[in-house]
Amino acid sequence: MDPRLTYATALRVTGQLRNDPRTIALLLVVPVFLVAIVKWVYLDQDRIFQRVGVPLLGIFPLTSMFLVTSITMLRERTTGTLERLLTTPLAKMDLLLGYALAFGSIAVVQAGIVSLVAFGLLGLETEGPAIAVIGLAVLNAVLGMAMGLLVSAFARSEFQAVQFMPALLLPQFLLCGLLAPRESMAGPLEALSNVLPMTYAYDALSRVARGEDFAGRVAVDTGVLLGASLVALALGAATLRRRTP
Amino acid sequence: MNEAAIVVEGLRVFRGGNEVLRDLTLAIPRGRITGLLGPSGCGKTTLMRAIVGVQVVSDGRVTVLGHPAGGKELRSRVGYVTQAPSVYDDISIEANLRYFQRLYGAPPARVADAIATVGLGEHSDRLVRNLSGGQRARVSLATALLANPEVLVLDEPTVGLDPVLRAELWGTFRQLADAGATLLVSSHVMDEAERCDELVLMRDGVVLSHSTLPELLATTGAADVEKAFLQLVRRNEDA
């Protein structure tokens, strides 16, 4: 592993996105647009907006980085650039960390902008520090990136890669506790939600919003998110094969 | 110095249940241009993939510069250009080269040199997706030239290029070989044979012959490589 190669890879990936201003605009504007809609939907029920707002801020980066990474990595696999990279001195971990660095920094900007708008203009409130919300959002982005990387190994085309989003992320969104408290779910659903990473993302964000300090459950949630990211990254690394049939 | 740059011993590769390389043995000398000729589907690409260490092999051994193919020691010493250009479409020519320059740890000045070598000097800030097929192939070739590799494995590098540029690139290959590099260049166009020091003719996963062009013509009594190839195929089938 070589940090210079990690950095070179991050530069290349952000360079690819920089030449695609429409994707950047969508990454930065869509979350703001969605939070504004949620605000409007619950205009007369501010309590609900306050409950779901902060967790949503942290969950957007997970979804968008999942999509962007799965497509970018699928392209690396299908255009032969991955095979070529693996014949160079670049280590697999350099490649993965380069991706994490690139998409992590985009997530900082994305979460920063949507937080600024939500807290500044839309009247969203958090008892805990806004910086903790942004930090969790970035961690979620890395988790989304790692999952996207992993699923790119199982997609043969971009159509398939895109379909993994509703297949893998929507169930997590439905079960994470945002739409209904997990305690009120049927036993099997609650059990399932216990093993889905987004559950912990929601839990951590809603606890920060309620002003719980970092110790206790928030720390446990953060640890789970970190662990899930590492597991997905390790599994993703295992799918990057130097030798193929 | 006399020892071969690439040694292939008893190599067997299966793909999709078919034996693509059948107990193939071959030694590629240092500092020379070896042409790998044969019809498409004969196993040229698979052999090259095995040499750069990205092919799963069932049996046999491939040694490059004294190390097992694909080993860590070889990654900045062996350049590989795939048949389909493997470069990033959504960044400029220069950005592509800059990335590979950093990966190989090559001096930054080599970027402009490599772009000039493949004749793309005036286009270096253009996005690769706006280039023609031949231009993309040249970007792909330039990334492999960056590292000044000791061994350069080129899979059909001149397909679809205009004759002037083709002649120039062969001139570049010659300079690299004169400077001591070992080149293995595949082609299904038999007329590129005369530019190579040695010729390896392949068919159905086996090597039909390995010799210089004059030797090949002398032993087969044929007037050109195409006819020599047919001669060898017939002789093989009679045997």
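Each chain carries its own residue numbering, running from 1 in the written order of its sequence. Naming scheme: in the order in which they are written, chains are lettered from A and ligands are numbered from 1. For this predicted model, a pLDDT threshold of at least 70 governs which residues receive local features, and a threshold of 80 or more governs which side-chain atom pairs are given and counted, while totals over whole chains, interfaces and linings are taken from all residues. Side-chain metrics rest on all non-hydrogen atoms present in the structure, leaving aside hydrogens and water.

(A) Focus on a nonpolar patch on the surface. Residue and element names in this part refer to chain A. Here the term patch refers to residues with relative accessible area over 30% and no salt bridge, with like charges joined within 9 Å and nonpolar side chains (Val, Leu, Ile, Met, Phe, Trp, Tyr) within 5 Å. Using a 1.4 Å probe, the Shrake-Rupley method yields the accessible areas, and only the shown protein chains count as cover for residues. What counts as a salt bridge is simple: a side-chain nitrogen of Lys or Arg found within 4 Å of a carboxyl oxygen of Asp or Glu. Taken together, the side chains of Leu-26, Val-29, Val-30, Phe-33, Leu-34, Ile-37 and Val-41 define a hydrophobic patch exposed on the protein surface, amounting to about 610 Å² of accessible area. For helices the rule is a DSSP run of H or I covering at least 4 residues; for strands it is a run of E covering at least 2, with both sets numbered from the N terminus onward. Relative to the assigned elements, Leu-34 resides in helix α2 (residues 21–41). By relative accessible area, which is 35% here, Leu-34 ends up partly exposed. A simple rule labels every residue: compare its accessible area, found with a 1.4 Å probe on the protein chains alone, to the largest value its type can have, and call it buried under 20%, exposed over 50%, or partly exposed in between.

(B) Focus on the interface of chain B and chain A. Taken together, the contact between chain B and chain A spans 32 residues of the former and 25 residues of the latter. When two parts are put together, the accessible area they lose, computed with a 1.4 Å probe and summed over both, is reported as buried area. Between chain B and chain A, the buried area comes to about 2,600 Å², and carbon and sulfur atoms account for 53% of it. Across the chain B-chain A interface, the total number found is 2 salt bridges. With a closest N to O distance of 2.6 Å, Arg-49 of chain B and Glu-83 of chain A form a salt bridge. Polar contacts, as used here, are pairs of N or O atoms within 3.5 Å; protein pairs need one atom able to donate a hydrogen and one able to accept it. Residues neighboring in sequence count only if both atoms are side-chain atoms. Applying the counting rule to chain B against chain A returns 16 residue pairs in polar contact (both at pLDDT 80 or more). Among the elements that take part in the side of chain B that touches chain A, helix α2 (residues 93–104) of chain B stands out by supplying 5 residues, more than any other. Any two residues having at least one pair of non-hydrogen atoms within 4.5 Å are treated as being in contact.

(C) Representation of the pattern of salt bridges in the model. All names here are of chain A. All told, the structure shown has 22 salt bridges over all chains when counted by the stated rule. In this structure, Arg-12 engages Glu-76 in a salt bridge whose closest nitrogen and oxygen atoms are separated by 2.7 Å. Of this pair, Arg-12 sits in helix α1 (residues 3–18) while Glu-76 sits in helix α3 (residues 46–78), placing them 64 residues apart in sequence. The exposure classification of Arg-12 matches that of Glu-76, with both residues buried. Here Glu-158 and Arg-75 are joined by a salt bridge, their closest N and O atoms 3.4 Å apart. With a gap of 83 residues between them, Glu-158 in helix α7 (residues 158–175) and Arg-75 in helix α3 connect regions that are remote in the sequence.

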